[in-house]
Amino acid sequence: MGDPYEGFVQDIQSSFHAARSLCDTFQRDGSTREELATTLKSLRQDFAEVRQTVRAVEQSGPARFGLSVADLERRKAFVNASERELGRLERVLERDDGALDARPATSLAWEQEQQQLLLANQDQALNQIGSSLTTLRSQAQLIGTEADEHAVMLHELDADVDRAQTNLQGAIRRMDRFVARADARLGGWCVWILIGILLLLLLAVLLL
């Protein structure tokens, strides 16, 4: 009966060859991600069995299994080299997974930055609107104050006009009374003058 270790080694080497090919394709275009992940997972399970076998031989002694110390060292070297190669392939996949995970994070950070910039612009616009409203409110208050002052001035002007009109009407009434009295006195003098003229004419007629 042959050594089963040799069969494990052949299977692992064949799996490594397939994994390397898938890894090369994956690094070029990323099209073999799922297949590479499945192959590496299966390879990790097979490799765990080989490692346990080598550890059992080392613990029990190689002579018990018909092996020499050189055979054991060769198997341990194969296990160590295979483990390093498997780790390298897994890191390639993990590194790309990390890059994929980082892209959404970067996109999310960019979106958050854009949202913060948008909010900052909105805050600035709101502040400008608030400043404009404050200015308009101040101007409205100033206009209201000026309107109140103008209303007071118009009220005072109306009062002055009313007083002037009252004074003018009083002056007109006094003037009317004065003219009436003057007309009355002038009419009386005219009558006496006419009487005097008539008397003179009558006297002249009598003397002639």
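The structure presented is a predicted model; accordingly, all values stated were derived computationally and were not measured.

## With respect to the pattern of salt bridges
So, step 1. Overall, the coordinates contain 6 salt bridges when judged by the stated rule.
So, step 2. Between Glu58 and Lys76 there is a salt bridge, and its shortest N-O distance comes to 3.0 Å. Here the residue Glu58 occupies a position in helix α2 (residues 33-60), and Lys76 occupies one in helix α3 (residues 69-207), the gap between them amounting to 18 residues.
So, step 3. Accessibility expressed as a relative area gives 23% for Lys76, which makes it partly exposed.
So, step 4. Note that Arg88 is salt-bridged to Glu85, the shortest N-O span being 2.8 Å. Of this pair, Arg88 and Glu85 both sit in helix α3, separated by 3 residues, roughly a single helical turn.

## A short note on the UniProt feature "coiled-coil region" (unreviewed entry) in the protein
So, step 1. According to UniProt, the feature "coiled-coil region" (unreviewed entry) maps to residues 33-60 in the numbering used here.
So, step 2. Split by type, residues 33-60 is 100% helix and 0% strand. Its first and last C-alpha atoms lie 40 Å apart.

## Some thoughts on the nonpolar core
So, step 1. Of all hydrophobic cores here, the largest spans 23 residues; its most connected members are Ile12, Leu36 and Leu40.
So, step 2. Taken together, the elements giving at least two residues each to this core come down to α1 (4-29), α2 and α3.
So, step 3. Examining the composition of this core, we find that 8 residues originate from one element, α1, more than from any other.
So, step 4. What Ile12 contacts, discounting residues up to four positions off in sequence, is Leu43, Asp46, Phe47, Val50 and Phe78.

What counts as what
Residues numbered from 1 in each chain as written. Predicted model: local features only at pLDDT ≥ 70, side-chain atom pairs only at ≥ 80, totals over all residues. Heavy atoms only, no water. Salt bridge = Lys/Arg side-chain N within 4 Å of Asp/Glu carboxyl O. Helix = DSSP H or I, 4+ residues; strand = E, 2+ residues; numbered from the N terminus. Buried < 20%, exposed > 50% of the residue type's maximum accessible area, 1.4 Å probe, protein only. UniProt positions renumbered as here; feature names shortened; annotations may be inferred. Core = buried A, V, L, I, M, F, W, Y, C linked by side-chain atoms within 4.5 Å. Contact = heavy atoms within 4.5 Å.

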